[in-house]
Amino acid sequence: MGVQGLKSYIENSDINYLRICAFRDSSLIIDGSNLYFSLYFDSKLDQMHGGDYDAFEEVIIQFFDNLAACDIKPYVVLDGGDDHTNKKFDTLVKRKQQKIKEAYALSMGKKASVLPTLVKNVFRQLLRKLKVPMVQCLEEADWEIAALAKEWDCPVLSNDSDFYIFNLAKGVLPLTHFQWKNVRLDKRTNQKFIHVKHFTVQHFCASFKMNADLLPVFASILGNDYVKLENIKYLDWEEYSINGRENARIDGLLNWLSQFLKPEEAVSALLRFTDNKEKAIVQEAFLKGIKEYKLIPGSLAPFFHSKVIPQIALTGPLQVLPRWILRPLLEAKMSSSIIDTLLHKRVSFNPQVENFQLPCSSETSRPIRQVIYGLLLLGEQPVDKQELAVKIFTGTSKRYVEEYTRQQLTLHIQKVEAIQTRVMEELKLETLWKEPYAVRLQVFLETLGVSSTMLKGIPSVLQLQMLVTRYWLVNAQPQPCQVHLWGLLVGMVYGKFSSTPKTEKDMPLKLKLHTGRRRFYLEDEAAHLYSQWQSCLKWSLDLNRLLSEPLSEPECARLYRGTLVHQVVGELRRGITLESLLMRGSSAEQFFKQLKDAIVSLVGEDFMKKMKTGLENSGARKTQSAYKGQTQPIDDLSSCFEHLMHEDIDDYEDDDFTEKTSKGKGQRIMSECSYTVRTRHKAKARNADNPSKKFERRCFE
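Residues numbered from 1 in each chain as written. Predicted model: local features only at pLDDT ≥ 70, side-chain atom pairs only at ≥ 80, totals over all residues. Heavy atoms only, no water.

### Quick look at the sheet that holds strand 11 (residues 410-417)
We count it as follows: Criterion used throughout: strands pair if DSSP finds at least two bridges between them. Each helix is a run of DSSP H or I of at least 4 residues and each strand a run of E of at least 2, with the numbering of both proceeding from the N terminus. To obtain an axis, a line is fitted to C-alpha atoms, over the contacting stretch when the element is a helix, and the angle between two such axes runs from 0 to 180 degrees between their N-to-C directions. Whether two residues are in contact is decided by their heavy atoms, any of which lying within 4.5 Å being enough.
Strand order across the open sheet formed by three strands is 9-10-11, with mixed pairing between neighbours. The open sheet terminates on both sides in strands that have one partner only, identified here as strand 9 (346-348) and strand 11. Neighbour to neighbour, the strand axes of the sheet diverge by 25° on average, direction disregarded. Pairing analysis gives eight bridges linking strand 10 (residues 400-407) to strand 11, with the strands arranged antiparallel. Note on strand 11: the bridge partner recorded for Arg 406 is Leu 411. In the packing of helix 4 (residues 89-107) onto the sheet, contacts are made with strand 9, strand 10 and strand 11, and the angle to strand 11 comes to roughly 115°.

What follows is the structure in structure tokens.
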């Protein structure tokens, strides 16, 4: 993100553009989207198995605890929907294609970076719980972050090099050099502080004797997320580099610009090298680029102080957002995908580690999204002449959303119809929040294919996650086996009992991840199925929030720990029994039985009997495939399961991320875990190019 090459130029320069200082007792504007990316990847948390969200939660808590210890007051700002001008859309599309390739590389055991599906959900949930001030912008957040930092006269915390262009008096603290884990004590004052590196435009421009107002011109020429002037090749910028360094192009361009007093002079000089036919276009592009970095008071300060709705949401293109939705959107209680659906009629997905020969894992949750689209769009009036003409000619008011998904390794766009369930027919988006609780609940239940009577006996705190799991079992392709279900439920047991030291004592076996080098299989089947489950959960949470939460929202960090769940599946396939894992009479066993009984009540005994055990081809004993509540003595934890114990998450974070390749076997051995990738569903893969239509309405049948 940001200005191409600028971050590396500043960090690798012989001149100290980044000055070391002790940071404490200050307000701090945090680029929230940049923060959760950095915290997850820098902590070396799991990406291959769908994410370790409880470990991520610990990192987030430690981060904000350390800020508090240094009297740093954080204000977190998150990105919202895509900008209404679509100025960054081409860049976003290119990144989506790149992320598909990275997810595939990761699935093949290569090093890459893929953010697990629920990371943003976990981040937002936890910040609300910690009472950290947080705002989700309605569009791109960079400008609002910079405007707030200028207004409050405090620094920005981010790795985005766009902030190196904004002329902020208190500058930027790059996350890369923000040593938040090592809180230090000033023995002289007895006050704690964090070592940081500090960037200011004033210090940077002084080394070139350049007017800071020229930096937006520099960013436009070099290329950023907003302005693309790729055809500007008037000068060989390297010739102007003084030291001939590695980043000579950037150095030369800065030196060339320093000869001008004002941006207009530099633009005029560049236009002299431009073809007459293109001068107007190039000049307009420069003016737009300069305008992007011009700061005036933004809309965040009033919302942080008194929840005042920004004026931009009440006028212009954003008027499509109903008034009642604005506050939960700004408070990050609703997904920004709502904005993209209403404003752009499009939604995109983050690629995950899965079987890339099968349809994208988001296909399973498509019917849930179709209901969301229906709630958002079907009450709208046509806004353009073509759409109105189609409605008059056909007598229908069908609405569609473009979904940016994948087809094998290629970014794929598909039009998905917005639909209504039976109970939705009389509902309007503008008044949805006023609808009776029973109506809103019925919309949710009808979407997931269950009735209200099926909820009886299931505790309210478990209902949403159990309904999602039931939906996944019925709709996922390939069909989950019992070992996949048991692995998922064991993960939920672990999440419940590891949440606090008090409840952890109630789980005798205290399952912990082993971070050594024991090898286990990363099955493309399990990876694909659990990606489907996470997609179903994400969109069910979004639907639940849009309906003003008729069901209690579970803590995402407690529902899924990928490395544990995948290892449980592997051990069950090897023959270890659930009885020995959970131990008879333990609180863990009782909670597992509660989850199992809830699922059986939702899908029925016949469905469970028809499910494959998952042990048919594993050589394990079929009689051990399901939990049966046996009363005979149960052995202590099997020796083959001991590697799931002992190690703390701190060890996991500190492991070096190393990689070895075994010749001829395609194996990758990593410090977190070792695994072998194997392909299991070649027959189903033949139909990968033709996503099945059976996903479209199954939940309503």
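Don't stop here, the text continues.
### Examining helix 19 (residues 482-497)
This is how the line gets drawn: Helix span, as expected, comes to 1.5 Å for every residue beyond the first. Burial status follows relative accessibility: with a 1.4 Å probe on protein chains alone, a residue under 20% of its type maximum counts as buried, one over 50% as exposed, and anything between as partly exposed.
Over its 16 residues, helix 19 extends 23 Å from the first C-alpha to the last, a length consistent with the 22 Å expected when each residue adds 1.5 Å. With respect to burial, helix 19 is a largely interior element, 15 of its 16 residues being buried.

### Some remarks on the packing of helix 5 (residues 119-130) against helix 21 (residues 524-546)
Keep this limit in mind: By definition in this entry, angles of less than 35 degrees are roughly parallel, angles greater than 145 are roughly antiparallel, angles of 65 to 115 are roughly perpendicular, and the rest are oblique. Crossing handedness is defined as follows: a turn of the near helix away from the far one that is anticlockwise and smaller than a right angle gives a left-handed crossing, while the clockwise case is right-handed.
Two elements in contact, helix 5 and helix 21, have axes whose closest approach is 11 Å; the angle formed by their N-to-C orientations is 45°. Here helix 5 is positioned oblique relative to helix 21, judged by the angle of their axes. Considering how the two elements wind past one another, helix 5 and helix 21 form a crossing that is left-handed. Contacts from Asn 121, Arg 124 and Gln 125 of helix 5 reach helix 21 at Lys 538, Leu 541 and Arg 545.

### Overview of the sheet that holds strand 4 (residues 134-136)
In spatial order, the strands read 4-3-2-5-6; together these five strands make up an open sheet with parallel pairing. Taken across any chain shown, the strands that pair with only one partner, and hence form the sheet edges, are strand 4 and strand 6 (172-173). Here five bridges tie strand 2 (residues 27-31) to strand 3 (residues 73-78), and the two strands are oriented parallel to one another. Looking at strand 3, one finds that Ser 27 is bridged to Lys 73.

### With respect to the packing of aromatic side chains
This is how it is decided: Stacked, tilted and edge-to-face are the three classes applied to pairs of Phe, Tyr and Trp rings, where Trp contributes its six-membered ring and a pair requires centres within 6.5 Å; stacked means planes under 30 degrees apart, edge-to-face means over 60, and tilted covers the rest. Two conditions define a charge located above a ring, namely a distance within 6 Å from the ring centre to NZ of Lys or CZ of Arg, and an angle within 35 degrees of the ring normal.
One pass over the structure, following the stated rule, counts 31 aromatic pairs. Look at Phe 199 and Phe 204: their rings are 5.6 Å apart centre to centre, the planes differ by 50°, and that puts the pair in the tilted class. Classification of Phe 199 by relative accessible area gives buried; the value is 1%. Positioned above the aromatic ring of Phe 591 is the side chain of Lys 496, whose terminal nitrogen or guanidinium carbon lies 5.1 Å from the ring centre. Sitting over the ring of Trp 539, Lys 538 keeps its end group 3.9 Å from the ring centre.

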